[in-house]
Amino acid sequence: DGPTLVEFDAIWDTGASASVISQSVVQKCSLQPTGQTKVYTASGEDTCNTYLVCISLPNEVGFPVVRVTEGKLNGADMLIGMDLIGVGDFAVSNFQGTTVFLIATLP
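Residues numbered from 1 in each chain as written. Predicted model: local features only at pLDDT ≥ 70, side-chain atom pairs only at ≥ 80, totals over all residues. Heavy atoms only, no water.

### With respect to the pattern of salt bridges
For step 1, the next point in the chain: In this structure the tally under the stated criterion is one salt bridge.
For step 2, the next point in the chain: With a closest N to O distance of 2.8 Å, Lys38 and Glu45 form a salt bridge.
For step 3, the next point in the chain: Since its relative accessible area comes to 48%, Lys38 is described here as partly exposed. (Salt bridge = Lys/Arg side-chain N within 4 Å of Asp/Glu carboxyl O. Buried < 20%, exposed > 50% of the residue type's maximum accessible area, 1.4 Å probe, protein only.)

Written out as C-alpha cells, the structure reads:
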C-alpha cells in the first residue's frame, strides 16, 4: 500500500520556484524536517525547514517524492510552485464561466 493521503487546500503560484507547506500540514502529517534552506519572499530572507512529501493532485497526477519548504501561507495549506507545475503541461482555461486549471504530465 502507498502513503495515506490527506486533503489540503492549495494555491497555484507560477511566480514561486518551489512548493511550500504550512505548519498545519507539518502537524497533521507528523512530518519530520529533512534539512533547512534559505528562502526569499516579499517579506525578506529567511531560513526554513524542508520536508520530503508525496503529492497527489485531484486529476490523479502524482509526485512520489517532493522536497517542500515550510512557510507562512494565507488562505491555504500548500503552495504549488513551478517545481511541480513545470513538470508537465499547465493550462488555465475558462469553461462555461468557470476558471479551470489543468496539469498533465508528459509521457
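Now that the structure is up, let's keep going.
### Description of the pairing of strand β5 (residues 62-70)
For step 1, the next point in the chain: Inspection of the sheet shows strand β2 (residues 20-21) paired to β5 by two bridges, in the parallel sense. By the bridge assignment, Ile21 is partnered in β5 with Glu70.
For step 2, the next point in the chain: In sequence, strand β4 (residues 44-56) turns back onto β5 through a hairpin of five residues, with Glu60 there showing a positive phi of about 70 degrees. (Pairing = 2+ DSSP bridges. Helix = DSSP H or I, 4+ residues; strand = E, 2+ residues; numbered from the N terminus.)

### A word on the environment of Gln23
For step 1, the next point in the chain: The residue Gln23 is located in helix α1 (residues 23-28) in this model.
For step 2, the next point in the chain: We classify Gln23 as partly exposed; its relative accessible area is 36%.
For step 3, the next point in the chain: Remark: the alpha-carbon pair of Gln23 and Asp77, spanning 54 residues in sequence, is separated by 8.2 Å.
For step 4, the next point in the chain: If we ignore the near neighbours within four places in the chain, the residues touching Gln23 are Glu70 and Gly71. (Contact = heavy atoms within 4.5 Å.)

Remember, this is a structural readout, not a statement about activity or role.
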